[in-house]
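Given next are the chains, with one letter for each unit.
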Amino acid sequence: NWMWEGCLSVPGMRGWVGRPTEVRMTGLDHSGVPKEVHLVGLAARIAQHELDHLDGALFPHRVNGTRFLLPNAALDAKETWQTHWPSLGSWNTALGQLSDAA
């Protein structure tokens, strides 16, 4: 799914980022006991975003070109955008919402 992602590490910017809707993560808890979790939707997106930080990646590395990386002020003025710009899914999706359209 797709979402306008933001991050405190990249203040004032949002990016139209696609990520898998579901993830299964495995690891060890604080006692070294193996754990597995299945995440769906926003929880899956947040886990992937935070895992990217551990790999040294930020959301701008995940956008499909500079037209999908915008200052927050541009998103505040979405009603002035040309219809379906920069893409159908990104144009129709409010901040904080997930979209299945690229």
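Now for a look at the structure at hand. Bear in mind the structure is a predicted one, so any value in this text is a computation, not a measurement.

**A look at the pairing of strand β2 (residues 13–18)**
- Inspection of the sheet shows strand β1 (residues 2–5) paired to β2 by 4 bridges, in the antiparallel sense. Residue pairing in the sheet places tryptophan 2 in a bridge with glycine 18 of β2.
- Here β2 runs beside strand β5 (residues 69–71); their pairing, made up of 3 bridges, is antiparallel. By the bridge assignment, arginine 14 is partnered in β5 with leucine 70.

**Let's talk about helix α1 (residues 42–54)**
- Between its first and last C-alpha atoms α1 spans 19 Å; for 13 residues at 1.5 Å apiece the expected length is 18 Å, and the two agree.
- Packed against the buried residues of α1 are β1, β2, β3 (22–28) and β4 (34–40).
- Count one or two residues on from α1 and you reach glycine 56, which has phi positive near 80 degrees.

**Examining unusual backbone geometry**
- The omega torsion across tryptophan 85 and proline 86 is -5 degrees, close enough to zero to call that bond cis.
- Turning to its location among the elements, proline 86 is positioned in the loop between α2 (72–76) and α3 (88–92).
- Look at histidine 84: it is not a glycine, yet its phi comes out positive at around 70 degrees.
- Within the fold, histidine 84 resides in the loop between α2 and α3.

Here is what the cut-offs are and how they apply
Residues numbered from 1 in each chain as written. Predicted model: local features only at pLDDT ≥ 70, side-chain atom pairs only at ≥ 80, totals over all residues. Heavy atoms only, no water. Pairing = 2+ DSSP bridges. Helix = DSSP H or I, 4+ residues; strand = E, 2+ residues; numbered from the N terminus. Expected span 1.5 Å × (residues − 1). Contact = heavy atoms within 4.5 Å.

Shape descriptors only; they carry no functional weight alone.
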